[in-house]
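One-letter residues, chain by chain:
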There are 2 protein chains.
Amino acid sequence: MTTTAIRDGAAGQRIADSLRQSILSGEYRPGTRIRQEDLAERFGASRLPVRDALRILESDGLVTLVANTGAWVSHLSLAECEEFYQIRERIEPLLLRLSLPNLDRVTLERIASLADEMQANRDIDTFLHLDREFHLLTYSGADTSMLGDTVQRLWNSTQHYRRAFSNLIGPHANRAVHYEHQLLVGAMLRGDSEDAERVLSGHIRRTRLELAHHPEIFAE
Amino acid sequence: MTTTAIRDGAAGQRIADSLRQSILSGEYRPGTRIRQEDLAERFGASRLPVRDALRILESDGLVTLVANTGAWVSHLSLAECEEFYQIRERIEPLLLRLSLPNLDRVTLERIASLADEMQANRDIDTFLHLDREFHLLTYSGADTSMLGDTVQRLWNSTQHYRRAFSNLIGPHANRAVHYEHQLLVGAMLRGDSEDAERVLSGHIRRTRLELAHHPEIFAE
DNA sequence: GTGCGGTTAATTGGATCCAAATAGTCGAAT
DNA sequence: ATTCGACTATTTGGATCCAATTAACCGCAC
């Protein structure tokens, strides 16, 4: 999976990167109004690169722009979130299949140890971070131009709701997560990409079904 | 499938829409340099909304921006194009499944007549237009927030190469296309979304394999 | 003749200023 | 008291100007 290409607007890119982290970390919650001038002042720039940054984040799906009205941190309905997980269920197994043959032994062992580390950790922010790193690392062997970016967008857009879900049920209230991770690691170590695809698809599907049992996460 | 949401920048949106059509119609070919001032003059605006338009088209995947250097009409390698078709192969069946139950009789009959019309038509531009309208209409029943837009981006990004391919082999050199379309229409009329998914997946897959037999399309 | 370096021209990026549109508020009339 | 309407204030969108970066071109030395 290639890192995103260099885009224009050095300042705009910097601001976008920083604001993206703020949104993903939960500092800016979905629905929060974003005023251009506030950001401009915060970053010591004019409103122009801020506009660029908002556009970048809009194409990331993290910000929603409305003409002549303003920008808000994007929020998803339960139905939209389920849609995102259905897309993930279909394309992440493909990404994994493209990645697996190119992963070296060192990376595979790091993936396995991340899965173990997750099992031990009780802190939710750490758990979320490890989970993200685990899955994205399994994709790191894929040399893709669009698939990797799309998957990252899907992860970013749903990050807030994953955190809300984890806060609700606790970092390892459900042992099935860790079990599926172990299954996935096993299939990957065997180089069985077909089985890995199947496990991953089921993992994402089960997560979607569990999310659907907690519609209160998406209440306004 | 919802039409894309209203975005900010009335002028920028207008310019983006117009330029998008120019690119899709083949007026601007992949690799063509785009100068901001040229567009500004062409649309009677300043360079600022042009920059917005280029950002919009970049997130569409139709334009590639490089910092402090310029903008070009995006071009794909054969490997990238195959990747795009692999993504389509996985997500368009899902989109079709979400759409099919919501299609009324009138739309289904229009879909069927489009398939027939395609079979009769010999002009390549008309063929491409009908093919696009056919498939997008089969998706028109889906109420999605991201899936429809993603599929449209994939279609747009690969439009130029589909045209090049059609020009190479002719609009109906391969009877398999029309046969698969008929199979798809049949499954849809029966309301058999599982079979429709299977046919569509195979259709996209076969198209990808055929494209791979003509690497000269992607030569610089 | 070829390769390296500097200078110049062209193009993009950013800041400031001004216009347009929206939303919130105050007031008046029913 | 409530609802409709106008006005004002706030915020976004666009135009012009200036700075920074890049690429092309010419000249010089080897």
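Rules and cut-offs
- Residues numbered from 1 in each chain as written.
- Chains lettered and ligands numbered in written order.
- Predicted model: local features only at pLDDT ≥ 70, side-chain atom pairs only at ≥ 80, totals over all residues.
- Heavy atoms only, no water.
- Salt bridge = Lys/Arg side-chain N within 4 Å of Asp/Glu carboxyl O.
- Helix = DSSP H or I, 4+ residues; strand = E, 2+ residues; numbered from the N terminus.
- Buried < 20%, exposed > 50% of the residue type's maximum accessible area, 1.4 Å probe, protein only.
- Contact = heavy atoms within 4.5 Å.
- Polar contact = N/O pair within 3.5 Å; in protein donor to acceptor, adjacent residues only side chain to side chain.
- Nonpolar A, V, L, I, M, F, W, Y, C, P; charged D, E, K, R; others polar.
- Domains from an automatic or database assignment.
- Buried area = accessible area lost by both parts, 1.4 Å probe.
- Pairing = 2+ DSSP bridges.
- Axes fitted to C-alpha atoms, helices over the stretch in contact; angles between N-to-C directions.

S.K.: So what exactly am I meant to see when it comes to the pattern of salt bridges here?
M.R.: When charged atoms on two side chains of opposite charge get close, those side chains can pair. Tallying each qualifying case throughout the model produces 31 salt bridges over all chains. With a shortest N-O distance of 3.4 Å, A:E89 and A:R208 are connected by a salt bridge. Of this pair, A:E89 sits in helix α4 (residues 78-99) while A:R208 is found in helix α9 (residues 193-211), placing the two residues 119 residues apart along the sequence. Each member of the pair, A:E89 as well as A:R208, carries the same accessibility label: buried. Where B:R190 meets B:D192, a salt bridge forms, and the shortest distance between an N and an O atom there is 3.7 Å. Accessibility expressed as a relative area gives 55% for B:R190, which makes it exposed. For B:D192, a relative accessible area of 29% puts it in the partly exposed group. A single network of salt bridges, built from pairs that share partners, joins A:R190, A:D192, A:D195 and A:R198.

S.K.: Would you mind going over the interface of chain A and chain B with me for this structure?
M.R.: Taken together, the contacts link 32 residues of chain A with 32 residues of chain B. The interface formed by chain A and chain B holds 6 salt bridges in total. Counting across the chain A and chain B interface gives 10 residue pairs in polar contact (both at pLDDT 80 or more). The set of elements that each furnish at least two residues to the side of chain A that touches chain B consists of α3 (47-60), β2 (63-66), α4 and α7 (147-169) of chain A. For the side of chain A that touches chain B, the element with the highest residue contribution is α4(A), accounting for 11 residues. Of the residues contributing to the side of chain A that touches chain B, the split by class is 15 nonpolar, 5 polar and 12 charged.

S.K.: I'm lost on the environment of A:R206 in this one. Help?
M.R.: Residues and elements named next belong to chain A. Summarising the element assignment, R206 is placed in helix α9. Judged by relative accessible area, which is 18%, R206 ranks as buried. Ignoring any residue separated from it by four or fewer positions in sequence, one finds R206 in contact with N174, A176, V177 and E180.

S.K.: Sorry, what's going on with unusual backbone geometry here?
M.R.: Glycine aside, a negative phi is what most residues show, and trans is what most peptide bonds show. Residues and elements named next belong to chain A. In this structure, N68 is a non-glycine residue whose phi angle is positive, near 60 degrees. Secondary-structure assignment places N68 in the loop between β2 and β3 (70-73). For N68, a relative accessible area of 85% gives the class exposed.

S.K.: So what exactly am I meant to see when it comes to the domain arrangement of chain A here?
M.R.: Often, the extent of an interface is quoted as the loss of accessible area on bringing the components together. Residue and element names in this part refer to chain A. On domain assignment, one finds that chain A holds domain 1 (10-73) and domain 2 (78-218). One C-alpha centre belongs to domain 1, the other to domain 2; they are set 27 Å apart. Each side of the interface is counted separately: domain 1 has 11 residues, and domain 2 has 8 residues. Summing both partners gives a buried area of about 660 Å² for domain 1 against domain 2, and 53% of it is carried by carbon and sulfur. When the area that domain 1 buries against domain 2 is broken down by residue, the three leading residues are L24, P30 and D60, summing to 62%. Along the contact surface separating domain 1 from domain 2 lie 0 salt bridges. Across the domain 1-domain 2 interface, the total number found is 2 residue pairs in polar contact (both at pLDDT 80 or more). Counting residues per element, the side of domain 1 that touches domain 2 draws most heavily on helix α1 (residues 10-24), at 3 residues.

S.K.: Even after reading the chapter, I still don't get the sheet that holds β2(A), so can you show me in this structure?
M.R.: The pairing of strands in a sheet comes from backbone hydrogen bonds and takes either a parallel or an antiparallel form. All names here are of chain A. Across the sheet, which stays open at both edges, the 3 strands sit in the order β1-β3-β2 with antiparallel pairing between neighbours. Each end of this open sheet is capped by a strand with a single partner; those strands are β1 (33-34) and β2. Here 2 bridges tie β1 to β3, and the two strands are oriented antiparallel to one another. By the bridge assignment, I34 is partnered in β3 with A71. Across the sheet, α3 touches β1, β2 and β3, and the angle it forms with β2 is around 115 degrees.

S.K.: Quick question: what am I supposed to make of the pairing of strand β3 (residues 70-73) of chain B here?
M.R.: The side chains of a regular strand alternate between both faces of the sheet. Residue and element names in this part refer to chain B. As paired strands, strand β2 (residues 63-66) and β3 are joined by 4 bridges and run antiparallel to one another. Residue pairing across strands places V66 opposite G70, the latter belonging to β3. Linking β2 to β3, which pair antiparallel, is a turn of 3 residues; within it N68 sits at a positive phi near 60 degrees.

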